[in-house]
Amino acid sequence: MRMKIIISFISFCFLTSVAGAGDNVLPYKLKSGKPFAGTTLNILAVVTPQFKSYELRDEEFESLTGITVNWTHIPFVALQEKIASVGVAADGSFDVVNYLDSWGPANAYWLESIDGWLKRDGISMDRYPEAFKKSAMFKGETLGFPLRAHPMLMFYRKDLFAKHGLSVPETWNDVASAGKTIKQKEGIGGLACYFGADGNRQNLFLWLNYIWATGTEVFDKQMKPAWATPSGLRATRDYVSLHTKHNICGKGAVSNVEQDGRIQFAQGNAAMMPVWWWAYSGFYNPNQSKLTKDQVGFAGMPSYQGKTVTYAISMPYSISKYSKNKEASWEFMKWLSNPELDRRNAIERSVRGEKIVNNVVTHKSSMADLGVNAANDNIQMAALASLANSDIMPQIPEWPEIGDLLSNAIQKAATGGNVDKLMKDAAKKAERILSRAGYY
Amino acid sequence: MRDRLLKYFLVFPAIFVVASTAFWPLFQSFYLSFREWKLNRARESRALWDYEYDGLENIAYLFDNYLLALEDDLFWNSVRVTSIFTVTSVLVSVGLALGLALLLAPGGKFRLTVRTLLILPFAMSPALIGVSWRFMFQPDFGLFKAFFDVLIPPLADVDWLGDANLAMIALVGSEVWHWTPYLTLVFIGGLATVPQDAQEAAMIDGANSWRIFCDVTLPSILPVLAVGIVLKTIFSLKMFDQVYMLTNGGPGNATQTLAHYIYFNGFKYYNMGYASAVSYLLVIPMFGLTWLYMKLVFLKR
Amino acid sequence: MVKGSKNKFLDFLQFLVILLTAVFILVPIYWIVSGAFKHQVDIFQLKLLFTPTLENFEIIFRSPYNLFDKLVNSTLVALSTILIAIPIATMAAYSFSRFRMKGERLMFVTILATQFVPAVVIVLPFFILFRDLGILDTRLALVLVNLSLVMPFAIWMIKGFIDSIPLDSEEAALVDGSSRFQVILNVTLPMALPGVITAGIFCFILAWNEFLFALIITTNKAVTLPVGLSLFHAEEGVLWHLISAAGIMIMLPMFVLATIIQKHFVQGMTMGAVR
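None of the values given here were measured: they were computed from a predicted structure.

J.: Can you walk me through the overall build of chain C in this structure?
T.: Per the secondary structure count, chain C includes 11 helices and two strands. What you see for chain C is a C-alpha radius of gyration of 23 Å, clearly larger than the 19 Å of a compact globule of 275 residues, by over 25%. Across its three principal axes, chain C shows a C-alpha extent of roughly 75 × 70 × 25 Å. Scored against the burial criterion, the 275 residues of chain C give a buried share of 58%.

J.: What's the story with the overall build of chain B in this structure? I'm lost.
T.: In terms of helices and strands, chain B carries 13 helices and zero strands. Listed by position from the N terminus, the elements making up chain B come as α-α-α-α-α-α-α-α-α-α-α-α-α. On the principal axes, the C-alpha backbone points of chain B span a range of 75 × 70 × 30 Å. Among the 301 residues that make up chain B, the fraction classed as buried is 61%. In the structure as shown, chain B presents an accessible area of about 12,100 Å², 69% of it carried by carbon and sulfur atoms.

J.: I keep staring at the interface of chain C and chain B and nothing clicks. Help me out?
T.: By convention, interface size is frequently given as the accessible area that disappears when the constituent parts associate. Across the contact, 100 residues belong to chain C and 96 residues belong to chain B. Of the roughly 9,400 Å² buried between chain C and chain B on both sides combined, carbon and sulfur atoms contribute 81%. In terms of surface lost to chain B, no three residues of chain C exceed I18(C), W31(C) and F116(C), which account for 8% of the buried area on that side. In this assembly, chain C and chain B are joined by zero salt bridges. For the interface between chain C and chain B, the tally reads nine residue pairs in polar contact (both at pLDDT 80 or more). Mapped onto the side of chain C that touches chain B, the elements with two or more residues apiece are α1 (2–36), α3 (67–98), α4 (104–113), α5 (119–133), α6 (139–164), α8 (180–209), α9 (212–217) and α11 (240–273) of chain C. Here the side of chain C that touches chain B is built from residues that sort into 72 nonpolar, 17 polar and 11 charged.

J.: Looking at this structure, I do not really get the UniProt feature "transmembrane region" (unreviewed entry) in chain B. What am I missing?
T.: Feature annotation in UniProt assigns "transmembrane region" (unreviewed entry) to the following positions: residues 7–27, 84–105, 117–136, 176–195, 216–235 and 274–294 of chain B. Measuring from the first to the last C-alpha atom of residues 216–235 of chain B gives 29 Å, for a span that is 100% helix and 0% strand.

J.: Which parts of the structure should I look at to understand the interface of chain A and chain B?
T.: Contact residues are listed per partner, giving 39 residues for chain A and 35 residues for chain B. The contact between chain A and chain B buries some 3,100 Å² in all, and 49% of this surface belongs to carbon and sulfur atoms. Three residues stand out in chain A for area buried against chain B, namely E81(A), Y109(A) and K251(A), and they jointly supply 19% of the buried area on that side. Remark: the boundary between chain A and chain B carries three salt bridges. Measuring nitrogen to oxygen at the nearest pair gives 3.4 Å for the salt bridge that ties E81(A) to K268(B). For the side of chain A that touches chain B, the elements supplying multiple residues, two or more each, are α4 (76–89), α5 (104–107), α12 (258–266), α19 (399–414) and α20 (419–436) of chain A.

J.: Help me understand the pattern of salt bridges, please; the structure alone is not making it clear to me.
T.: Within this structure, the stated rule accounts for 30 salt bridges over all chains. Ionic pairing is found between D126(A) and K133(A), a salt bridge with its closest N-O pair at 3.0 Å. Judged by its relative accessible area of 44%, D126(A) falls in the partly exposed class. Of the charged contacts, one joins R134(B) and D260(A) as a salt bridge, the two residues approaching to 2.9 Å between their closest N and O atoms. With R134(B) in helix α6 (residues 126–136) and D260(A) in helix α12, the pair connects residues from two separate chains. Of the two residues, R134(B) and D260(A), both sit in the buried class.

J.: Explain the nonpolar core here, please?
T.: The nonpolar side chains of a soluble globular protein tend to be buried with one another. Grouped together as the largest cluster of nonpolar side chains are 357 residues, with contacts concentrated most on W227(A) and F267(B). When near neighbours in sequence (up to four residues on either side) are disregarded, F267(B) contacts Q80(A), E81(A), A84(A), L39(B), M272(B), V120(C), V123(C), L124(C), L212(C) and I216(C).

J.: How do you make sense of the packing of α19(A) against α20(A) when you look at a structure like this?
T.: Between two packed helices, the angle of one axis relative to the other and the distance separating the axes together describe the packing. Residues and elements named next belong to chain A. Running from amino to carboxyl end, α19 crosses α20 at an angle of 165 degrees, the nearest separation of the two axes being 9 Å. When the axis of α19 is compared with that of α20, the two are roughly antiparallel. When you trace α19 past α20, the crossing you get is right-handed. On the side of α19, the interface is formed by E401, I402, L405, L406, A409, I410, K412 and A413, while α20 contributes V419, L422, M423, A426, K429, A430, I433 and L434.

J.: Is there a simple way to think about helix α7 (residues 168–175) of chain C in this case?
T.: Given 3.6 residues per turn, any residue in an α-helix points the same way as the ones three and four places further on. Residues and elements named next belong to chain C. Among all positions in α7, only S169, E170 and A173 are buried. All buried residues of α7 fall inside an arc of 100 degrees around its axis, so they share one side. Against the buried residues of α7 lie α3 and α8. Directly after α7, the chain includes G177, whose backbone phi takes a positive value near 110 degrees.

J.: Would you mind going over the sheet that holds strand β7 (residues 152–157) of chain A with me for this structure?
T.: The strands that make up a sheet are held in pairs by hydrogen bonds between backbone atoms, and each pair lies either parallel or antiparallel. All names here are of chain A. What the four strands build is an open sheet, ordered β8-β9-β7-β10; its pairing is mixed. On the outer flanks of this sheet lie β8 (189–191) and β10 (296–299), each paired with one strand and no other. The average angle at which neighbouring strand axes cross in this sheet is 30 degrees, direction not considered. As judged from the five bridges shared by β7 and strand β9 (residues 270–276), these two strands associate in the antiparallel manner. In the strand pairing of β9, M154 is matched with P274.

J.: Quick question: what am I supposed to make of a negative patch on the surface here?
T.: Residues D197(B), E200(B), D168(C) and E171(C) make up a contiguous surface patch of negative charge. Counting only elements with at least two residues in the negative patch, the list comes to α9 (196–204) of chain B together with α7 of chain C. Tracing the chain through its elements places D168(C) in helix α7. Classification of D168(C) as partly exposed rests on a relative accessible area of 48%.

J.: Can you help me understand helix α12 (residues 258–268) of chain B in this one?
T.: Residue and element names in this part refer to chain B. Of all 11 residues that make up α12, 11 are buried, and the element is covered over most of its length. Those residues of α12 that sit buried are L258, A259, H260, Y261, I262, Y263, F264, N265, G266, F267 and K268. Backbone geometry just after α12 places Y270 at a positive phi near 65 degrees.

J.: Where do I start with the pairing of β7(A) in this structure?
T.: Two faces make up the sheet, and in a regular strand the side chains alternate between them. Residues and elements named next belong to chain A. Counting buried positions along β7 gives six out of six residues, so the element sits mostly inside the fold. Here β7 pairs with β10 via four bridges, running antiparallel. Each residue of the ladder has a partner; that of Y156, found in β10, is G297.

J.: What is the right way to look at the state of the cysteines in this model?
T.: Each disulfide is one covalent bond, formed between the sulfur atoms of two cysteines. Residue and element names in this part refer to chain A. A full pass over the atoms with the stated rule returns one disulfide over all chains. Paired through a disulfide, C193 and C249 show a sulfur-sulfur distance of 1.9 Å. Here C193 and C249 share a disulfide; its torsion about the S-S bond, -75 degrees, makes the bridge left-handed. Placement of the pair is C193 in the loop between β8 and α10 (204–213) and C249 in the loop between α11 (230–244) and α12, with a sequence separation of 56 residues. Just as C193 is buried, C249 falls in that class too.

What counts and what doesn't
- Residues numbered from 1 in each chain as written.
- Chains lettered and ligands numbered in written order.
- Predicted model: local features only at pLDDT ≥ 70, side-chain atom pairs only at ≥ 80, totals over all residues.
- Heavy atoms only, no water.
- Helix = DSSP H or I, 4+ residues; strand = E, 2+ residues; numbered from the N terminus.
- Rg over C-alpha atoms; globule rule 2.2 N^0.38 Å.
- Buried < 20%, exposed > 50% of the residue type's maximum accessible area, 1.4 Å probe, protein only.
- Areas by Shrake-Rupley, 256 points an atom, 1.4 Å probe, with all protein chains shown as cover.
- Contact = heavy atoms within 4.5 Å.
- Buried area = accessible area lost by both parts, 1.4 Å probe.
- Salt bridge = Lys/Arg side-chain N within 4 Å of Asp/Glu carboxyl O.
- Polar contact = N/O pair within 3.5 Å; in protein donor to acceptor, adjacent residues only side chain to side chain.
- Nonpolar A, V, L, I, M, F, W, Y, C, P; charged D, E, K, R; others polar.
- UniProt positions renumbered as here; feature names shortened; annotations may be inferred.
- Core = buried A, V, L, I, M, F, W, Y, C linked by side-chain atoms within 4.5 Å.
- Axes fitted to C-alpha atoms, helices over the stretch in contact; angles between N-to-C directions.
- Parallel < 35°, antiparallel > 145°, perpendicular 65-115°, else oblique.
- Left-handed = near helix turned anticlockwise from the far one by under 90°.
- Arc of directions from axis to C-beta.
- Pairing = 2+ DSSP bridges.
- Patch = residues over 30% accessible without salt bridge, like charges linked within 9 Å, V, L, I, M, F, W, Y side chains within 5 Å.
- Lys, Arg positive; Asp, Glu negative; His and termini not counted.
- Charge placed at Lys NZ, Arg CZ, Asp CG, Glu CD.
- Disulfide = S-S within 2.5 Å.

This is the structure in structure tokens:
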């Protein structure tokens, strides 16, 4: 009992001295003096354990600032429509919104630029990898923080590769030959392919790896479609030939979307799966997967023609222009995006009694952090390496439409269509869309 | 005399409800189909239609959205897909439903038990049906794969949703599964009103079942049958959730119905004005169908 | 002899077809229903035998799914919708069926025409309308939307049923001195009851399964089941075991309702015979 009193007393002194020493300094660069106490903020975010844990932790923010935070979680499948309706409503019903980066340009007209605040409070966007930083920008302005962002990694069956003496694939040719071996000897798919067009352009993730590696861009400097160059077409053909020629894919390659591919890998029906790093824990979770941790390995994405450029995706948080509490929202954004929270979220496996498994961090410092890596089998190091050569899809409002054209073309190509014709056709259609939108 | 007032009085509440709830949004969307209503543009005020416009002096500008639709070969593709889908699914489901209704109408414990099952497929939401059927068509662990493994081995490894024609069959199949049982219930209800005495008279006269069907039953249930066809057609033309979940219009655009095309252009590509214009093009065949109904049924009194 | 065995054969054929129909209906339903009792990891196995569990039903009622609130919302909205829509629709259907009115064709077609346009195109106008009325995220807003959705179909279907009822009994009653109103109540309605109930079930199901308007108009308080169901599309995949359990919750009321109503159908049919 005496010991307890002594310890409490010492802690009290320590805390008050810390508080007293930095008299006007709250952590995370929050404004001291609780100037916005009593405000209520409404947050619209996607359903994911990473954000669920933020919600469970927001008491810290509430006690530091006196601002109450209400979270509304929407499943990803319904998020695009919900965000669009929030923009149409124009009534400040949500102060902070979370969205997919490819919808950012279309919603940018009602998202508040944070550049002014960043400068005032001395926060730099360089704390994020380049691709993540770009994903939250539009027309040179920073619209928000990329709090949930992913690089792609190649997951593979360590046990099967060891069994057949295969080394970790470093090029897409390696993938093809390893895939053939596995398919012949194990009777399961070599690669879990997902050529399906799902409305979110998932079959373009790998396609971009291929064409970017050849230096082909999606659009050229004049915003004309540039993927139908000879090297771009060849890269596309090579991508599709994983299924149509090399035949290394698991079943349902043409209709599968990313989720089907993940399930295929987790159920042991395919030996390789190129996908987002957050899928890692699902691959050995006994509730969802037949695999154990020892069977699942990961590596950087393979190279094509000697180069690796991978695709990164993100889900930024932004402040709504219609919000009536913009300054308070900025305070919230500062807390939400602080590096300490980012770090802890990937290490601590339980928050207020609820089990949370998350390996997503977006600060460069978190990715290099030893503690974070130790808790996650060093997947963050692999991610950092992958992000050194990463890019994002074109940030234009018309991208969902043009991307879907490409997505459908790729799916048709995977069913055996003429790749060159399909891609050139898509280029013509895209050019029409861009010209009507006033680009030339 | 009192009837004259009564008939308007009976109709008034319905007209009032429909007018007050449906007309204003419809009018707005119709108006906006002539303007450049895009969800990715800033508006001048909080009203839905306050955009800056240019090109107002050009009257042809008003029809931009409509002309755009007619030029787009993806639009024509969806017209083709929707026609094939609607005609097939209406014919199959109405035909099956009529046959089943005749089979299940008589009493008896067995028939009654089966009749209670008829409501189940319709009680499922189209989205749930789309997602379940997609699951059942899964090449790795889907139910149909297991079926084919046992019953029709050559079909076992087929990727149904990866082939343009098979995906359409899958889509029609799920739609038939969804609607036929309910339509059967509707037709059974209709058969209940067939005058029993006329049927008995015909039987006494020595007519066989086919003749009884054509001369007594069919004319009697024609109104119900016609309503069933009209409603089913309208729902098939508008069907979206099932396509979205089952094939998402794939592979490529092979099963992209007009409703899917409209939805994607509206919400996913943010071109709501264009989507509205296409919708108003879609209502043309519906009006045609209704006109046909009016000619054939409404005036036969 | 020959005639007897022919009848027997036809009977057997009928029995077979009915059985096949039942199987055709039931197989996908069984697939879904069985999923509700499986552990998540068993979903991807095609086993006929599995260790069943009831935990899914418990999970769907807990946070974050909270299916119970959504069930309540859905029930209230759908019930209110048909309690308002069916009586109004029946009155109008009777009028359209039995009377000639000025502009009746126009009225009739216009009523149905309000449903020609896919929901996606009018959802935002509705959304803004409700925003301006201040009733966003309320059950009232959902009832209004569902009323506009359901009325045309209710009127058309019930009219179809009333059309099928021969005029003789009504005319007989009218000649006997009953008022038109009494005729509707005592003669037409009982005979049209199977039809009205069928239309009622149709409208209930339409309102029950309505998704897009509910998604856009509601956020927290008035969320209905279909929107709640979308929560089972998690990022790791579709949570089949949970969506199946929820699916059962959704189908069960309908099934119970229909079983009770079968008795009405039987009544309706015998009434038609005894005249």
